[in-house]
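Here is what each chain is made of, one letter per residue.
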Amino acid sequence: MPGYTVNELPTVEVPTSTKPSLYRVYETECVYQGIPLKMAVCYSEKLKFQKAKTLEKRILNESKTLEKLAKTMNQRSFACLEDAQLEINKLNRQELNKLQYHKVSIEIESQEIRRRGRPSQDTSKDTVGLKYTFTFAVTKDEKSIQESLDKECLFIVVSTKQSMSAVDILLEYKTQSAVERKFQFLKSPQFVNSFFVDSPRRVEALGYLLLILMLLLSVAEYVVRRGLENDKSTIVGPGKIKMDRPSLMAIYRIFFSVATSTVKINGILHRGYHKPLEDNVKTVMKYLEIPEDFFTRGAF
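Residues numbered from 1 in each chain as written. Predicted model: local features only at pLDDT ≥ 70, side-chain atom pairs only at ≥ 80, totals over all residues. Heavy atoms only, no water.

Peer 1: I keep staring at the overall build of the protein chain and nothing clicks. Help me out?
Peer 2: The number of helices and strands found in the protein chain is 9 helices and 10 strands. Expressed as a percentage of the 300 residues in the protein chain, the buried residues total 27%. Counted over contacts in the protein chain with a minimum sequence separation of 6, partners at least 24 positions apart contribute 56%. (Helix = DSSP H or I, 4+ residues; strand = E, 2+ residues; numbered from the N terminus. Buried < 20%, exposed > 50% of the residue type's maximum accessible area, 1.4 Å probe, protein only. Contact = heavy atoms within 4.5 Å.)

Peer 1: It is not clear to me how the environment of threonine 133 should be interpreted in this structure. Could you clarify?
Peer 2: In this fold, threonine 133 is placed in strand 5 (residues 127-140). Taking C-alpha positions, threonine 133 is 6.6 Å from phenylalanine 78, a pair spaced 55 residues apart along the chain. Setting aside its immediate chain neighbours within four residues, threonine 133 contacts Arg76, Ser77, Glu107, Ile108, Glu109 and Gln111.

Peer 1: Would you take a moment to explain the nonpolar core for this structure?
Peer 2: Within soluble globular proteins, side chains that are nonpolar tend to cluster in buried spots. Core analysis: the largest hydrophobic core is formed by 13 residues, its most contacted members being Met73, Leu91, Leu96, Ile106, Phe134 and Phe136. Those elements that place two or more of their residues in this core are helix 1 (47-74), helix 2 (81-93) and strand 5. A total of 4 residues in this core trace back to one element, the largest contributor, which is helix 1. Apart from the residues within four sequence positions on either side, phenylalanine 134 is in contact with Met73, Asn74, Phe78, Ala84, Glu87, Ile88, Ile106, Glu107 and Ile108. Residues Val224, Ile254, Val284 and Tyr287 belong to the second largest nonpolar core, which totals 11 residues. (Core = buried A, V, L, I, M, F, W, Y, C linked by side-chain atoms within 4.5 Å.)

Peer 1: In this structure, what is going on with the pattern of salt bridges? I would like to understand it.
Peer 2: Between side chains of opposite charge, pairing is possible as soon as their charged atoms come close. Counting across every chain of the model gives 8 salt bridges. As a salt-bridge pair, arginine 58 and glutamate 152 come within 3.0 Å of each other at their nearest N and O atoms. Of this pair, arginine 58 sits in helix 1 while glutamate 152 is found in helix 3 (residues 142-152), placing the two residues 94 residues apart along the sequence. Given a relative accessible area of 35%, arginine 58 falls into the partly exposed group. Here the salt bridges share partners, and the residues they tie into one network are Lys51, Arg58 and Glu152. (Salt bridge = Lys/Arg side-chain N within 4 Å of Asp/Glu carboxyl O.)

Peer 1: Could you clarify how one ought to interpret the packing of aromatic side chains in this entry?
Peer 2: Each aromatic ring pair is described using two quantities: the centre-to-centre distance and the angle formed by the ring planes. A complete count under the given rule lists 6 aromatic pairs for this structure. Relative to phenylalanine 155, the ring of tyrosine 23 has its centre 6.1 Å away and its plane inclined at 90°; by these criteria the two rings are edge-to-face. Residue tyrosine 23 is found in strand 2 (residues 21-32), and its partner phenylalanine 155 is found in strand 6 (residues 154-159); the two are separated by 132 residues along the sequence. Seen from their ring centres, tyrosine 252 and phenylalanine 256 are 5.2 Å apart, and the 80° between their planes marks the pair as edge-to-face. A relative accessible area of 28% means that tyrosine 252 is categorised as partly exposed. Of the aromatic side chains, those joined through ring pairs into one cluster are Tyr23, Phe155 and Tyr173. (Phe/Tyr/Trp six-rings, centres within 6.5 Å; stacked < 30°, edge-to-face > 60°.)

Peer 1: I keep staring at helix 4 (residues 166-174) and nothing clicks. Help me out?
Peer 2: Three- or four-residue spacings in an α-helix give side chains the same orientation, since the helix completes a turn every 3.6 residues. Along helix 4, the residues classified as buried are Ala166, Ile169 and Leu170. An end-on view of helix 4 places all buried positions within 100° of arc, on one side of the element. (Arc of directions from axis to C-beta.)

Peer 1: Is there a simple way to explain the packing of helix 7 (residues 200-231) against helix 9 (residues 279-287) in this structure?
Peer 2: Axes are the key here: two packed helices are described by the angle between their axes and the distance separating the axes. For the pair helix 7 and helix 9, interaxial distance at closest approach is 9 Å and the crossing angle is 105°. The angle between helix 7 and helix 9 falls in the class roughly perpendicular. The residues of helix 9 that touch helix 7, namely those facing Val223, Val224, Gly227, Leu228 and Asp231, are Thr283, Val284, Lys286 and Tyr287. Per-class residue counts for the contact of helix 7 with helix 9 are 5 nonpolar, 2 polar and 2 charged. (Axes fitted to C-alpha atoms, helices over the stretch in contact; angles between N-to-C directions. Parallel < 35°, antiparallel > 145°, perpendicular 65-115°, else oblique. Nonpolar A, V, L, I, M, F, W, Y, C, P; charged D, E, K, R; others polar.)

Peer 1: Explain the environment of phenylalanine 196 to me, please; I cannot follow it from the model alone.
Peer 2: Within the secondary structure, phenylalanine 196 is located in the loop between helix 6 (189-192) and helix 7. Residue phenylalanine 196 is classed as exposed on the basis of its relative accessible area, which comes to 73%.

Peer 1: I would appreciate a short explanation of the environment of proline 238 in the present structure.
Peer 2: Of note, proline 238 is situated in the loop between strand 7 (235-237) and strand 8 (241-243). In sequence terms proline 238 and isoleucine 254 are 16 residues apart; their C-alpha atoms lie 6.6 Å from each other. Here proline 238 is in contact with Met243, Ala250, Arg253 and Ile254, once residues within four sequence places are set aside.

Peer 1: Looking at this structure, I do not really get the packing of helix 1 against helix 3. What am I missing?
Peer 2: Axis separation between helix 1 and helix 3 bottoms out at 9 Å; the angle between their running directions is 135°. Relative to helix 3, the element helix 1 is oriented oblique. Handedness of the helix 1/helix 3 crossing: right-handed. Contact residues: helix 1 offers Lys48, Lys51, Ala52, Leu55, Arg58 and Ile59, while helix 3 offers Ile145, Ser148, Leu149 and Glu152. In terms of residue class, the contact of helix 1 with helix 3 is built from 5 nonpolar, 1 polar and 4 charged. (Left-handed = near helix turned anticlockwise from the far one by under 90°.)

Peer 1: In this structure, what is going on with helix 1? I would like to understand it.
Peer 2: Counted at 1.5 Å a residue, the expected span for helix 1 with its 28 residues is 40 Å, and the 40 Å between its end C-alpha atoms agrees. Residues Leu55, Ile59, Glu62, Leu66, Leu69, Ala70 and Met73 constitute the buried set of helix 1. (Expected span 1.5 Å × (residues − 1).)

Now the structure itself:
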């Protein structure tokens, strides 16, 4: 984002089921494999708290690694200054080169090596050489930490439609989850595996029928949610969870408890329920204006 910091980017509010989410958006263009694209570089304020917690764990792990390294190196000594400097160069190329969130400075300290025994009158004769040790100074790299946090909160969305603005691309992208949740129903093996078609024409026809089905199910979801909202009520969904805004899949699974059987009496087939309908099934059928005897109606 040349010429911009995160806080200088224009903001946009994206409505959600609870409260609007705030995003900062930067608009640009690129070409990928010869295809011109409009790019929306998005910064999510909502992700900041979550990503900051994850980043704190990484910083802590890196700090513990540095503590172990410093403890190991503080126990070592070198007979000459050149060897100590070579070891520092090695550390900078290897362990310290991997650091992301800390700065490390290493100082070389010299200490006299004195001979054993009782000190002589001429103390200068007691010194037999020098040894060199390290002193580590570790500080957090606040600039790097902030840049890492900003990157964690960034994501990029692109579109081949050049006329769309970055904000429009973001708003369109945020509707994807609702679409995916509904198409998850069509992708489930228990649903898809029941179909078999062997010609492109039939595949196309089936695709149109499934899209119409999804529209009807979406309407059913809306109607049930509206009814619960008006009544300020809830239903018990899958997993015995109380829901005031059941999803399409939850409404679908509520009907798993409905089971019917057919018997033949005097040559006439009759259908009935294995057990009485549960309250959540009755509530959904009421909102969808489906009679309770719908699944057992008539003789066959």
